[in-house]
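Notes for the structure review
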Amino acid sequence: MARSEGHIDISHLGLDYEVGSRRTAAVADISLAVLPGEFVSIVGPSGCGKSTLLNVVAGFITPTRGRVRLDGEIIRGPGADRGMVFQHSSLFPWKTVLGNVEFGLKMKGIGVKERRRMAHTLLSLAGLAGFEGQFPDRLSGGMQQRVGIVRALATGPRVLLMDEPFGALDAQTREIMQQILTNIWERLGISVLFVTHDVDEAIFLSDRVYVMTARPGRLKAEMPIGLKRPRERDGMVSQEFLELRGRLASLVREESLRAMGGELASDLGGLEAMLERRF
Amino acid sequence: MDGSVPTERRAFTLIPSGMQPNAPAAGGPARRGAALQRAWPRIRAALLGTLSVLVFLTLWQAASATHLDFFLRFDNIPSPAVVAVQATTVVFSADFLNDVLASCERVYFGFALAALLAVPVGLLIGRYRAARELLFPLCELLRPVPAIAWVPISIMLWPTDWQSIVFITFLGAFFPILLNTVHGVQRIDPILVRAARSLGAREGAIFREVYLAGAMPAIFTGLAVGMGVGWVSVIAAEMISGQSGIGYFTWEAYSLIAYPDIVLGMAAIGLLGLVSSAGIRRLGRLAMPWLPAH
């Protein structure tokens, strides 16, 4: 399915923040692109700034340096053209599944009957028919995230931004959700920018994977994933997959060690200083 | 190779489903016992609640009947039996019913005004820092002043007695509603606001669909508490008027030294407050079907 919209262009993005009186960089100098219809993942150690990066693309944070463009227009704030799925369930607890999915359509000004019909259709396509009247707290974590994905897609956004959407789920549910997501993506062909720390997940889902360094986050590597589409679970043990996995995992591990080493070093430094003062 | 897998190399053994133990027994004594088991928590709650009330009444009856005088003096305190007898004559009289209606009118009106003002103000204070900085200090300054202390000012301030009385019940109900509303707004998970934004919601829609909707449980808590405090204030409020109301009835009984009537008035106010708050809670459960039942 050829797509013309959903081109994310990040150029020389930098984000600083203040801790007390100090100014540190969360994200240093990032330039990357998501072409229309591409599924791109960003992997990196915890705290590297990948979620921050996604929040900038979503429009929740203004960058300190650099620009993010969507189809040529600079992003200045959040909007329905960039659908977002968060790590923890962000469904409105006071709305039913149907009410949640309808929400974006309601914001667009679509009438009650019409948006109800559209929401019903979307939920059926996602295999959630029968759950329309349930409130989110009655659903399992996996179902809630599924509803979250449908809700984000209901408005027909140009890109889908996903911030470790399966990170809070158990391993089995996670695998099933990855398959569901890739099936949906195959059908829609929407651009996706996906953040995760799980290397397997990134390879399974993506066309390309970027690796981010430890803080301040820069891009360490870019890896095209040439695996056959549509992706199936069985393909995850092929020679090709294992090579990709091996290389990607070692790149991420280097950065994880660097991130953790930094923390350990500063903790030890503080401990030494405290002991010196005592004696 | 004959196709069968040698025992040593099999990785797992399937367990046939017919061999499951714990097949549930149906019908008869087992089912009746199960129903009792399910109802037990509620039965127990009712029994324990009744028990403590009975102990309270028994101790009080004993203390009053024996005119107990041991640090506390029960000499003039009417026993529950005496109060009950008095109740049977008074409660169904026209005067008493008028008093109940009059107090209800004043409390409910004051409560309604309080809700109409406190909920929007609370939403604004909770949502916008400028509103909080502007309005909150004033509210916090006025809040600790007890209803009874407002009575002289209220009499001077308002043209009619009825307005002065309603002002007192209004003040009683206002602050719990305000504070709970503010708290409800502040507790909204910011991720829900972000989710709404990324679904295309603008400021007005976010205020209605996220902040107001999300704060509803806290608002109803505030309304229930506010209703209760409104009733607590009615006795101070009705000091103002020499005409009618349960608060007035209680004051009259005090000045006429009709002890059973004093206790009767207290009980009536307490009961009316309880029932009114419970009514608000009931409405809340109907308005908020997504909350878990208790």
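Relevant structure appears above.
It should be emphasised that the depicted structure is a prediction, and the values quoted were computed from it without experimental measurement.

Residue and element names in this part refer to chain A. Of all 5 residues in strand E9 (residues 208-212), 4 are buried; the element is thus mostly enclosed. In terms of strand pairing, strand E3 (residues 39-43) meets E9 through 4 bridges, oriented parallel. Bridging from a neighbouring strand, Ile42 pairs with Tyr210 of E9. Pairing of E9 with strand E10 (residues 219-224) involves 5 bridges; the strand directions are antiparallel. Residue pairing for E10: Arg208 is matched across the bridge by Pro224. Where E9 hands over to E10, the hairpin turn is made up of 6 residues, counted between the paired strands.

Time to look at the interface of chain B and chain A. At the junction of the two partners, chain B supplies 14 residues and chain A supplies 20 residues. Every element with two or more residues in the side of chain B that touches chain A is listed here: helix H7 (190-197) and helix H8 (203-237) of chain B. At 5 residues, the largest contribution of residues to the side of chain B that touches chain A is made by H7 of chain B. Here the side of chain B that touches chain A is built from residues that sort into 9 nonpolar, 3 polar and 2 charged.

One ladder, built from 5 bridges, connects strand E1 (residues 8-19) of chain A with strand E4 (residues 65-70) of chain A; its direction is antiparallel. Its bridge partner lying in E4 of chain A, Ser11 of chain A is registered against Arg67 of chain A.

Packed helices, taken two at a time, are described by the angle their axes make and the gap between the axes. Residues and elements named next belong to chain B. For the pair H7 and H8, the least separation of the axes is 10 Å and the interaxial angle reads 155°. Between H7 and H8, the angle is such that the two are roughly antiparallel. Of the two possible hands of crossing, H7 and H8 adopt the one that is right-handed. Along the contact surface, H7 presents Leu192, Val193 and Ala196, while H8 presents Ile206, Glu209, Val210 and Gly214.

Residues and elements named next belong to chain A. Spanning 14 residues, helix H4 (residues 141-154) covers 20 Å between terminal C-alpha atoms, matching the ideal 20 Å at 1.5 Å per step. Across the 14 residues that make up H4, a large majority, 12, are buried. Taken residue by residue, H4 has Met143, Gln144, Gln145, Arg146, Val147, Gly148, Ile149, Val150, Arg151, Ala152, Leu153 and Ala154 as its buried positions. Each element contacted by the buried residues of H4 is listed here: strand E6 (82-85), helix H2 (97-107), helix H3 (112-125), strand E7 (159-163) and helix H5 (171-188).

Quick notes on the rules
Residues numbered from 1 in each chain as written. Chains lettered and ligands numbered in written order. Predicted model: local features only at pLDDT ≥ 70, side-chain atom pairs only at ≥ 80, totals over all residues. Buried ≥ 20, exposed ≤ 12 C-beta atoms within 10 Å, placed from the backbone. Helix = DSSP H or I, 4+ residues; strand = E, 2+ residues; numbered from the N terminus. Pairing = 2+ DSSP bridges. Contact = placed C-beta atoms within 7 Å. Nonpolar A, V, L, I, M, F, W, Y, C, P; charged D, E, K, R; others polar. Axes fitted to C-alpha atoms, helices over the stretch in contact; angles between N-to-C directions. Parallel < 35°, antiparallel > 145°, perpendicular 65-115°, else oblique. Left-handed = near helix turned anticlockwise from the far one by under 90°. Expected span 1.5 Å × (residues − 1).

It is worth stressing that arrangement in space is one thing and function is another; only the former is reported here.
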